[in-house]
Amino acid sequence: MKPAKVTSDLFEPLTPVRTAPGRSAARRRRSGFWRDASRRFVKNRGALIGFILLLVIAAMTFVAPALSPYDPYEQKLEEQNRPPDGAHFFGTDQFGRDLWTRTWHGAGISLRIGLLAALIDLAVGVSFGGISGYFGGRIDQVMQRILEVMYSIPSLIVLILLMMWFEPGIVTIAIAIALTGWVPMARVVRGQMLQLKVQEFVLAARTLGAGHLRMLAKHLLPNAAGAIIVTVTLTIPSAIFLEAVISFIGLGMAPPEPSLGLLLYDSYQLIRFFPHQILYPCLVLSLLILGFNLLGDGLRDALDPKLRR
Amino acid sequence: MRKRAAVSLAVIWVLSTLLTACGGLQSQGNVDERGAQGPQVLQLMTNNEPGDLDSATSSDVISGTILNNVMEGLMRLDKDDKPQPAIASSYEVSEDKKTYTFTLRDAKWSDGEPVKAQDFEYAWKRALDPKTKSEYAYILYPIKNAEKFNKGKAKASDVGVRALDDTTLEVKLEEPIPYFLSLTTFSTYLPQRKDIVEKFGGDYAKEPDKMVYNGPFVLDKWAHEQNLQLKKNENYWDRNTVFLEEVKIDIIKDTSTALNLYTSDQKDVTMLDKAFAEAFQSSPEFTTVTGSTVQYIQFNTENSFLANTKIRKAISLAIDRESMVKLILKDGSQPAGGFVPPAILGYNESFRKQAREYQQFQPAEAKQLFKLGMEELGIDSPPTLTLLSYNDERKDVAVVLKDQLEKNLGLKVKVNPQPLKQKIDLETKGEFDLSFSGWKADYNDPMTFLDMWVTNGAFNTGKWSNKKYDELIQKSKGNPDFKKRINDLIEAERILLEDGVAIAPVYYKNQAYLVKPHVKNLEFHSIGPEYTLKETYIEKRK
Amino acid sequence: MMDVGGVYVGNPATHPLKTAKVYVRVRTYTFRMFCVRKGSGNVGSYVARRLIYFLLTLWLVITCTFFLMHFLPGSPLSNEEKLPPDLKEQILREYGLDKPVPVQYALYLGNLLRGDLGLSFSYDGRSVSELIAQGFPASLQIGLQGLIFGGLVGILLGTVAAIQRGTWLDNATTIVAVLGISVPSFVLAAFFSYYIGVKMGILSPGGWESFADSILPSLSLSFLVIAQVTRYIRSEMLDVFSQDYMKTAKAKGLGRRVVVFRHALRNALLPTVTVLGPLTVNLITGSLVVEQIFSVPGMSTLFVNSIMTNDYTLIMGTTIFYAFLFMVSVFIVDILYGIIDPRIRVAGMKE
């Protein structure tokens, strides 16, 4: 209608571009990009610290229980609410269970819930937001309305139904969290798409005959990587938190399985009596999230082609 | 002579002070005599918004407690949970114990109108009217034709309650029951004014100015979800015994916030969560109130493993109730060897005092029985059982139960905590192996606990069945010999727990409170409402 | 509490005229945007279409929620644990809850069209609209206070971190942001309630009577906002710094502050606004945990309780309200896109 309107039919490729040399060139370039990225990542000290921090915590979730003679589930009521000492490094809870093993075990469960939920968010959110923002127009309109519907249906109802139909566990909780968790991701990606698709390099790529998939995968998404990664690094902690809030309503992991959220929930009311019960799980949680954030920053700087110097 | 008079006066003074200190003084004396000093304002908290202040439809304890203090029925519970004449000054019971005639005293509503016998007739029939949709209508079923009217099978005029004149109320019962007087203290039995109810229609009792009161207090302000304010009712017939001028009840949902408000001296009383009970157990402000709730494990006898009585008994004997109560609950709850809680009356005294304790912790015998049971079933290893549980603080108990059964029997148990509605649904559908449940008394009689377990009983979701038991319960429902009746009920409980092991009782739930020392005569109840403030007063604050 | 202008400019030394200029330019964009729309003659049809979509979405939300809700086991009756089954059946019949769900749905839609949200079950037949009108203001207050405070602090921290990238200041803001995001709100709330409410005795540990009572809940809510906003602003500003027009701006000899605030911050605000939209709705419809711990008589307690008690009418009422707010916020965010970033105006016009 208007000259300002840029549609794909204005840029019909003259010849098919899916030729062998073009592909291998792309692959070469891609490997160059990843090598470049990893070099920049290693050079970024904060990112490295974050990465190591996460590795250590992840390793601890496996190793730490072995460092203690106690079982995370075993109750000894006569040893309840002990402060930390040489035997129980983090003390014990109201059932006399060892908090050191429970904290690390719980960190493992929280990590799995967070990662799984973030993975689902990433897959659903990026494809949904990407398609919506890239194609725009009617498709975008429809998809945005679907997103609003999805976001507006109370997830608590779905969560309760999920908990009824399946056993409360890592997967159920992760799915429940991802049900609405992908919406912010989709909106961020869509926002990026809207911003990027009118830029010169996209126009150039289109002129060169790039298809939709190639446009999205090669040009638009890498450029949106910064925002996507930051969103992911926020998604994992918020998934871990949502799990804690779910525990607050009484719908979390089935006892006696611990998660960091559940450990915090069990002890938050006791903050004035047994601060140690909340201190250590909280500390582990903070370190975990610090790790994700540092890593996210690093990845962002490393992956964002615009920041290449 | 004069000296002796002085001495005897001093003795009386000391005695009365002592009695007051024990909270045992029931005198009608004035403020000074009791030691009430300073502003008579009490600061309370509750953990939820009262659901419904229309006494005909109200069914929650919080509303029941408010109603108990702003309204008054024929009878009122005293501090020992015994019904005492209130709006009724006296009553007569017929020979067959099926007709009660109440004589009303000269009492007034807060708007100055007299409280009439018709107000009771109207309120009860309104609660029974199917159109009212009262979820507590069944509490009126002992009245003749009440159930039929409620189910649309009889007319309102058939119901056995009738105002003979303004001050005489006649009530006819279906069967003779020993607990009818205590029923008349409950909120569904409170009077209502026809003119007021009809004037406000759907808005009745939704706001303080859309209802009238005949109790010690009136509801002065009600900021929904925030707080309620009670004020002394100047039209109350017994206003001279009421000392409190004002009661402020804040709605505080989180128990630790409530404790924070209490310890920062902003509130006078707080319920104490089990999590904090330990820290305050030795405080003089700590009190526990005997409840009328029993917590127990229900067995699903349709599960082939649990159909075996020896297995069920083994599970019950493997529960260490003592350490559960001492180390986990800490709120004064008592280990349960029977099903009917101690607060429930038998014949003139606690039912528990007359009945035996059946199940105690006997790990060796439990193991033995468990082995025998498995032999009978012809299996070598027990299946994994799911333990359905509440998802509130009671799931901690489920976690300990799981541990005890695993340790003492080698029985694998999976805890499945569910929100209340879902739990009820799963139970009704029979989708559970073990279910950790609670039952609170509706009225002060063992029947409210024991008639659950008759064959095909609505709440007997474990499908346990015993013919002798059914007969005993049926017989006791209309037995005019109340002493014999209690003996039958004692036998029924024995069958339930010793022969049949339909359930494994775990503990009788009590509630811990912290009460500031300057609050006197705050009467907590085991059954029905939480407390009565009628004679509460504030002593000098420290 | 906070000097909005001061924070936006970031430096009190900035000449007031410069602030004014930014403002003027934002206004110009808005004006131009609508001019373009008017010029193309479809501002009316745009709004109309948007409205139709709006109603369609709302209807979809209502339908999905209605049927999902009826999958929840149990009934909305409050005394369900002790209600004899035949009495229960009879009461359900009286409420019309024995009818097939599609029939109930049709009836509900009919009432809704007449503007009747129905009566709540768990709150003794009080009207749903009244309950929402009573719960929303408190949630709105603590939510907005948390949002404004958190947003301003977040923008400040994020900007500082981006400008001072790689220095100790950057690391310090990262740590502040992480602290805010790594402690669950109920731990924070419990901590505030005990240490500020009891130990220090400055504010009340809970309750809802005066403005002072809203400080702690708002503060607890703002931590999440600070963390999110800081991260996004930092990330986006770094992005913007590497853009060519930034080099141009610098090359033109524009002052550092002008570059940062006029160009970088405004461009960085776009994605931040994107996440803030839904977050705002979350905040102003309340946080269950914070409301519960500080006894704020807000929306989220209402919402969660309604689901826990199967209070059908209240579930629907709060869901519709929530959906409405969410969609309005999305709409506003879409408009803000155009105001903040003229580049997407072209794409946006396609709608």
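Please read all numbers here as calculations on a predicted model, not as lab measurements.

What counts and how
- Residues numbered from 1 in each chain as written.
- Chains lettered and ligands numbered in written order.
- Predicted model: local features only at pLDDT ≥ 70, side-chain atom pairs only at ≥ 80, totals over all residues.
- Heavy atoms only, no water.
- Axes fitted to C-alpha atoms, helices over the stretch in contact; angles between N-to-C directions.
- Helix = DSSP H or I, 4+ residues; strand = E, 2+ residues; numbered from the N terminus.
- Parallel < 35°, antiparallel > 145°, perpendicular 65-115°, else oblique.
- Left-handed = near helix turned anticlockwise from the far one by under 90°.
- Contact = heavy atoms within 4.5 Å.
- Nonpolar A, V, L, I, M, F, W, Y, C, P; charged D, E, K, R; others polar.
- Pairing = 2+ DSSP bridges.
- Phe/Tyr/Trp six-rings, centres within 6.5 Å; stacked < 30°, edge-to-face > 60°.
- Buried < 20%, exposed > 50% of the residue type's maximum accessible area, 1.4 Å probe, protein only.
- Lys NZ or Arg CZ within 6 Å of the ring centre and 35° of its normal.
- Core = buried A, V, L, I, M, F, W, Y, C linked by side-chain atoms within 4.5 Å.
- Domains from an automatic or database assignment.
- Buried area = accessible area lost by both parts, 1.4 Å probe.
- Polar contact = N/O pair within 3.5 Å; in protein donor to acceptor, adjacent residues only side chain to side chain.

Regarding the packing of helix α8 (residues 212-249) of chain A against helix α9 (residues 212-241) of chain C
α9 of chain C packs onto α8 of chain A with a crossing angle of 160° between their chain directions and a minimal axis gap of 10 Å. Between α8 of chain A and α9 of chain C, the angle falls in the class roughly antiparallel. In this structure, α8 of chain A crosses over α9 of chain C, and the sense of that crossing is right-handed. Packed against α8 of chain A, whose contacting residues are A227, V230, T231 and L234 of chain A, the element α9 of chain C presents R231, Y232, S235 and E236 of chain C at the interface. Its residues placed into classes, the contact of α8 of chain A with α9 of chain C shows 4 nonpolar, 2 polar and 2 charged.

Concerning the pairing of strand β8 (residues 217-223) of chain B
Both β8 of chain B and strand β9 (residues 227-232) of chain B contribute to a ladder of 6 bridges, which runs antiparallel. Looking at the pairing, W222 of chain B lines up with L228 of chain B of β9 of chain B.

Considerations on the packing of aromatic side chains
For the structure on display, the rule yields 43 aromatic pairs over all chains. On the numbers, 6.1 Å between centres and 15° between planes, the contact of Y100 of chain B with F102 of chain B is stacked. The pair Y100 of chain B / F102 of chain B is uniform in exposure class, with both members buried. Measuring from centroid to centroid gives 4.7 Å for F191 of chain C and Y195 of chain C, while their planes differ by 35°, and the two rings are tilted. In this pair, F191 of chain C and Y195 of chain C are both assigned in helix α8 (residues 185-199), 4 residues apart and thus about one turn of the helix distant. In this structure F191 of chain C comes out as partly exposed when scored by relative accessible area, which is 39%. Chaining the aromatic ring pairs together yields one cluster made of Y91, Y100, F102, F120, W124, F180 and Y189 of chain B. The aromatic ring of Y262 of chain B is capped on one face by K516 of chain B, whose charged end is 4.1 Å from the ring centroid.

A word on the nonpolar core
Within soluble globular proteins, side chains that are nonpolar generally end up buried alongside one another. Judged by nonpolar contacts, the single largest core of 273 residues is most densely connected at F102, W124 and F339 of chain B. Top contributing element to this core by residue count: α8 of chain A, with 14 residues. In terms of domain composition, this core takes at least three residues from each of domain 1 (19-252 + 516-538) and domain 2 (290-510) of chain B. Not counting chain neighbours up to four residues away, the residues in contact with F339 of chain B comprise V294, Y296, R352, F449, L450, M452, W453, E493, L496, L497, I503 and Y508 of chain B. Counting 38 residues, the second largest nonpolar core, distinct from the first, contains A366, V397, L401 and L405 of chain B.

A few points about the interface of chain C and chain A
At the interface, 66 residues of chain C touch 64 residues of chain A. The contact between chain C and chain A buries some 6100 Å² in all, and 69% of this surface belongs to carbon and sulfur atoms. If you look at where chain C meets chain A, you find 1 residue pair in polar contact (both at pLDDT 80 or more). Per-element tally for the side of chain C that touches chain A: the top contributor is helix α14 (residues 312-340) of chain C, with 10 residues. Within the side of chain C that touches chain A, the residues separate by chemical class into 43 nonpolar, 12 polar and 11 charged.

Side note on the sheet that holds β8 of chain B
Residue and element names in this part refer to chain B. Sheet architecture is open: 4 strands sit in the order β1-β10-β9-β8, paired in mixed fashion. A single partner strand is all that each edge strand has here, and the edge strands are β1 (41-46) and β8. Each neighbouring strand pair of the sheet contributes to a mean axis angle of 20°, computed without reference to strand direction. Contacting β1, β8, β9 and β10 (246-251), helix α3 (residues 61-70) runs over the sheet at an angle of about 140° to β8.

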